[in-house]
Every structure is written in structure tokens, then in C-alpha cells.
Amino acid sequence: MTVWDDLVGQIRVQEQLAAAAKDADALVTAVSDGKPLDQGSKMTHAWLFTGPPGSGRSTAARAFAAALQCTSPDRALGGAPGCGFCDGCHTSLIGTHADVQIIRTDLLSIGVKETRDLVRRAQLSPAVGRWQVIVMEDADRLTEGAGNVLLKAVEEPAPRTVWMLCAPSLEDVLPTIRSRCRHLTLSTPPVEAVADVLIRRDGVDPERAQSAARATQGHIGRARRLATDERARARRAAVLKVPLRVADVGGCLKAAQELIDTATDDAKQMAEEVDVKETEDLKAALGGVAGGRMPRGTAGAMKELEDKQKRRKTRTQRDSLDLALTELTGFYRDVLALQLGSRIAIANVDVQDSLDRIAESSTPAQTLRRIESVIACRDAMDRNVAPLLAVEAMTMALRAG
């Protein structure tokens, strides 16, 4: 098992990263031996991974980080870095390597303060590894100010620091930053490849793995959740009933409220799992006593944590709603395929009866307008429209067709 095994359906990207890791290994060796550097090296100090959701952007970045930190003795014999078994590979992949910093956010954005802390870390030399690696999984969530802070570090990097930025598309990153990065584009992996990794790595039943991979249209993370989480399957089943429930105004409003309630419950469940522990840990760190008053001067820190938790809850609710809207889009995409007699594979075969019913009772033009209404709902929430108003407007538009 190498570090690339979880990079599903991305052969070209894997080959490029493996070549860069080999050149990086030779580069470190040359510097240590005082030899001249290879000017044609495929290694560089900043990388930008883009691709649709579920394509494996962060997986590719983590695998590359592990290959850069590989300590396998086979490298000296001409073997490729990234064995997957050595301490450098293992700790990089699970996120405990001292010189690999994985940055992900469960908030709505990454601000200036967090980015400045990263830039300071990037100036340090590696502590135990061969490179100082910073993987930013949500580079598209950088605020404009944070992006400008990051730009300086990317323009003038430390000699042994590597930045790896992940974003859905080039347009999600400042032009000044992306122009200084080597760009790799990942594609949506084939359904068969996703099903295979679910069977091989997660031990999922082959039939369920195939169904989950097809239903999520190659999105690896969603496919894994759908195949292993009964609650996720129940939530998806409820979402796919919405097109049949918008026959009247009352049904539209009820369906919208239930979508919002489900997203709120998801956010509440996450808060119950994380917020209490975070709060208790901070109280203990600040010298608080269980059941007693907090020491003077700690109110600001507690308020900052509460604000962070509130922003995280908002992000969780939006992510849950966005997933529901994605599944609705997939439903109407299948309806349109049936109406046009397309030969593309149907994703939601488990609700074939519903697809046939909607396809027979509407026209392709109506289906396209319904897809547009779902997209408009997503855009409205991006502009901070109240979620319930946005979803109610969408369900009414689905009824009108």
C-alpha cells in the first residue's frame, strides 16, 4: 500500500506528484551533499489543487505531503518516495507529523489572524522531516485580507517550505496567488473506481458500494457516508421525496420547513458532540472550577469561543442544506435524461418510480426551470438570504415548473 492508493481515478495527477516527490527527494539530497541543483526539477514551493467536490483534492495534497516526508530506505536504491509504511508517511497521512500542518475550517471563512499564524510557521525550518508542509484544504474560504497575507509567503517562501492549496476552481483563489502556484486539476472519479475503494478500504458490501457510488455520482466522501451511515441514507430518501410533495402550496411550505429542520438538527448534533468539550477544555485552561465562577479577565476568551461555535453551527447548517440541494439537482438531472432519451447512466435508480412519474407529467423545459430554481436557492444562501425564505421560494418554483 502506497500513499497514492486512496487517490481514486486520478492517474495523471498521481504521476505528476510522484515525479515531483522524487525530484524533491533528490533536491534535499543534493543540498545536503553540497551539489548543484537540478534546474529542470518538477518540484516547486507552491501547489494548487482544483477539482469538483469529491474529486479528492485534499487526499491528493495529503498523499503528496506524505511522499515528501517519506523516510523509506528504498529511496536510496532508486525507489519512489511514498511507501505508505514508514513513520514519515504514516504520521503525515493521519495528521500527526510535526512538519505537516493540515488546515481545514468548520467556519464560514479563514481570516487574517489564522493566516498570519500560518505564515509565521512557514518561515520555520523542518523540525524532524525533510520539508515544512502546509496543506490548506479550504483555500477558497480565505477572506480577501487573508489572501493578501498569504500572497507574501507564497511570493517569498522559505527554502524548505511547501504550500498546498485546495479549492474547487481557479476562480476561487486570488489571481496573484494562483499565478505563483503549480496547478493540478482533478476530475470526478468514475463510479466503478469509487465503488472499488469502498469495498477494498471500508469493507462495504459490493451492491451497497455500487449503489452509493452511483447515487453520489462519484463523490468519494458522500459515497462513503451514504454506504456506512444509516442516518445519511434516511436523510437522502426524505430529500428525494420532495419533488412529489410540492403539488400544492401547503406541501411546498411543509417540505421547505422539513429541509430546514433537518439541517438544523445536523448542526445541533455536531454542536452537542463538539461544543461542550471545547467549552469545558477552555474553562479548565483558564483556571475555572466546575460549577464555580470563571476568573476575572476570561470573559473575552469565552465570548470568542461562543462566536466561533455560532459560526460553525451556521456553516454546518448551510453544508447540510447544500447537500440536500445537490441531491435535488441530481434527481432532476435524471428526470431530464429520461425525458430526452439520453443514454447516460441514471444516478438515482433506487427511486426509479418517482423519476418516471415526474418525467411523464412534465416537459424538459419545466425540468430545466426546476434545476435553475435549485441553483438559484444555493446562490441566495451564498448571499446570506434567510435559509427558510430561500428554500420556500425554491419549493414554490418546483411546484410551478
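Look up: the structure comes first, before these words.
Procedures and definitions
Residues numbered from 1 in each chain as written. Predicted model: local features only at pLDDT ≥ 70, side-chain atom pairs only at ≥ 80, totals over all residues. Heavy atoms only, no water. Salt bridge = Lys/Arg side-chain N within 4 Å of Asp/Glu carboxyl O. Helix = DSSP H or I, 4+ residues; strand = E, 2+ residues; numbered from the N terminus. Buried < 20%, exposed > 50% of the residue type's maximum accessible area, 1.4 Å probe, protein only. Pairing = 2+ DSSP bridges. Right-handed = clockwise from strand over helix to strand, strands pointing away.

Novice: How should I be thinking about the pattern of salt bridges in this particular structure?
Specialist: When the charged atoms of two side chains with opposite charge come close together, those side chains can pair. Taken as a whole, this structure holds 17 salt bridges when the rule is applied. Ionic pairing is found between arginine 130 and aspartate 25, a salt bridge with its closest N-O pair at 2.7 Å. Within this pair, whereas arginine 130 is found in the loop between helix 4 (112-122) and strand 3 (132-136), its partner aspartate 25 is found in helix 1 (residues 11-33), the two being separated by 105 residues in sequence. By the burial criterion, arginine 130 is buried, and aspartate 25 matches it. Close ionic contact of arginine 233 with glutamate 230 constitutes a salt bridge, the shortest N to O distance being 2.6 Å. With arginine 233 and glutamate 230 both in helix 10 (residues 230-239) and three residues apart, the pair spans about one turn of that helix. In the salt-bridge network here, residues are joined through shared partners; they are Asp6, Arg201, Asp202 and Arg224.

Novice: Would you explain the pairing of strand 3 in this entry?
Specialist: In the case of a regular strand, side chains alternate between the two sheet surfaces. Among the five residues of strand 3, five are classified as buried, and the element is accordingly described as predominantly covered. Here strand 3 shows no split at all, with Gln132, Ile134 and Met136 on one side and Val133 and Val135 on the other all buried. Here strand 2 (residues 100-103) runs beside strand 3; their pairing, made up of four bridges, is parallel. In the sheet register, valine 100 faces strand 3, and the bridge partner there is valine 133. Taking the sense of rotation as the criterion, the β-α-β connection linking strand 2, helix 4 and strand 3 turns out right-handed. By the bridge criterion, five bridges tie strand 3 to strand 4 (residues 161-167) in an arrangement that is parallel. Bridge assignment links glutamine 132 to a residue of strand 4, and that residue is threonine 161. Between strand 3 and its parallel partner strand 4, the chain crosses via helix 5 (residues 144-155), and the hand of that crossover is right-handed.

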